[in-house]
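# Descriptive structure summary
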Amino acid sequence: MVMCVELSTVNAAAAIDELGDVYTFAEARAAGVPERQIYELRDSGAVVSLGRGLYRRSDAPPANLDFIEIAERSAQATICLETALAYHGFLDAISNATDIAIPRGSHRPGLRAAVRLHTFQVDTFDIGRELVDVGARRPLGIYNAERSIIDYVRLRHVEGSDQAWEALRRWLVGPGNKAGQLLRLAKQFPRAEPALRAALEVLL
């Protein structure tokens with residue numbers, strides 16, 4: 001139960017400003033903002049609802065709202081596979097759902113955003129994982145292009161091989177990209193290395 005002293009309309013507006021671009025219903029109530037005003041801000045379009053009890057100011061800088069919700073709901077969630085490759089510029093067409101990975105056995109976040117949830121092994125989860133600012137209050141995890149290509153190759157029986165080979169072709173022509181980089185990384189994912197070697201022999 002949130003305990004607070006409700007503020008006047010003027011003071012409540014100042015309290016909302018203090019909360020920043022993103023805040024939760026509970027945080028607004030704890031700051032003394034009346035429940036009625038929280039909903040009025042949402043209904044007027046002054047804030048955007050990002051799912052259950054999570055809000056963002058509508059005048060905040062443009063951003064991917066699904067990414068913000070994911071970052072706010074889960075510190076471990078990591079953009080992967082098709083979504084990560086599109087983010088890095090190695091795929092063009094992506095689905096309406098965002099690919100995210102979490103460590104196997106961890107809590108599955110409750111999200112309004114359309115996602116395809118993948119569970120990856122704990123011992124390799126952090127390989128190639130980077131953090132990016134998406135406009136949330138903490139950064140969002142994302143796999144780099146090399147890790148994303150390897151994941152696509154090792155999961156090609158599920159995700160489809162055409163996308164994997166297209167991303168690999170485009171990565172190979174990038175400045176400074178060498179097949180050896182991928183092969184060294186792939187050694188940590190035994191299911192990916194043989195298929196990756198075979199593809200590289202064809203493409204090179």
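Residues numbered from 1 in each chain as written. Predicted model: local features only at pLDDT ≥ 70, side-chain atom pairs only at ≥ 80, totals over all residues. Heavy atoms only, no water.

## With respect to the pattern of salt bridges
Following the criterion strictly, the structure yields 14 salt bridges and no others. Of the charged contacts in the structure, one is a salt bridge between Arg-42 and Asp-43, with a shortest N-O distance of 3.0 Å. On the basis of relative accessibility, which here comes to 33%, the residue Arg-42 falls in the partly exposed class. (Salt bridge = Lys/Arg side-chain N within 4 Å of Asp/Glu carboxyl O. Buried < 20%, exposed > 50% of the residue type's maximum accessible area, 1.4 Å probe, protein only.)

## A few points about the pairing of strand β5 (residues 98–103)
In the case of a regular strand, side chains alternate between the two sheet surfaces. Buried residues dominate β5, accounting for 6 of its 6 residues. Judged by which residues are buried, β5 turns out to be covered on both faces: Thr-98, Ile-100 and Ile-102 on one side and Asp-99, Ala-101 and Pro-103 on the other are all buried. Relative to β5, strand β4 (residues 78–79) runs antiparallel, the two being bridged by 2 bridges. When the sheet's bridge partners are listed, Ile-79 is paired in β5 with Ile-100. Bridge analysis of β5 against strand β6 (residues 115–120) gives 6 bridges, and the strand direction is parallel. Of the residues in β6, the one forming a bridge with Ala-101 is His-118. (Helix = DSSP H or I, 4+ residues; strand = E, 2+ residues; numbered from the N terminus. Pairing = 2+ DSSP bridges.)

## Here we look at helix α3 (residues 35–44)
Buried within α3 we find Gln-37, Ile-38 and Leu-41. What you see down the axis of α3 is that its buried residues fit within an arc of 110°, all on one side. Positive phi shows up at Gly-45, right after α3, with a value of about 90°. (Arc of directions from axis to C-beta.)

## Notes on the packing of helix α9 (residues 179–186) against helix α10 (residues 193–203)
Interhelical geometry of α9 versus α10 gives an angle of 165° and a closest axis separation of 9 Å. When the axes of α9 and α10 are compared, the pair comes out roughly antiparallel. For the element pair α9 and α10, the recorded crossing hand is left-handed. Residues Ala-179, Leu-182, Leu-183 and Ala-186 of α9 form the contact with α10, whose participating residues are Glu-193, Leu-196, Arg-197 and Leu-200. When its residues are assigned to classes, the contact of α9 with α10 shows 6 nonpolar, no polar and 2 charged. (Axes fitted to C-alpha atoms, helices over the stretch in contact; angles between N-to-C directions. Parallel < 35°, antiparallel > 145°, perpendicular 65-115°, else oblique. Left-handed = near helix turned anticlockwise from the far one by under 90°. Contact = heavy atoms within 4.5 Å. Nonpolar A, V, L, I, M, F, W, Y, C, P; charged D, E, K, R; others polar.)

## Side note on unusual backbone geometry
Excluding glycine, residues mostly have negative phi values, and the peptide bonds linking residues are mostly trans. The backbone of Leu-81 sits at a positive phi, close to 50°, despite the residue not being glycine. Of note, Leu-81 is situated in helix α5 (residues 81–87).

## Details of the packing of aromatic side chains
As enumerated under the stated definition, the model contains 4 aromatic pairs in all. Ring centres of Phe-120 and Tyr-143 lie 6.0 Å apart, and the angle between their planes is 25°; on these two criteria the pair is classed as stacked. Of this pair, Phe-120 sits in strand β6 while Tyr-143 sits in strand β8 (residues 140–143), placing them 23 residues apart in sequence. Taking the centre distance of 5.9 Å and the plane angle of 70° together, the rings of Phe-125 and Tyr-143 count as edge-to-face. Placement of Phe-125 in the loop between β6 and β7 (129–132) and of Tyr-143 in strand β8 is noted, with a sequence separation of 18 residues between them. Across the pair, exposure class does not vary: Phe-125 and Tyr-143 are buried alike. Each residue in the set Phe-120, Phe-125 and Tyr-143 is aromatic and connected to the rest through ring pairs, giving one cluster. (Phe/Tyr/Trp six-rings, centres within 6.5 Å; stacked < 30°, edge-to-face > 60°.)

What is shown is where atoms sit, not what they do.
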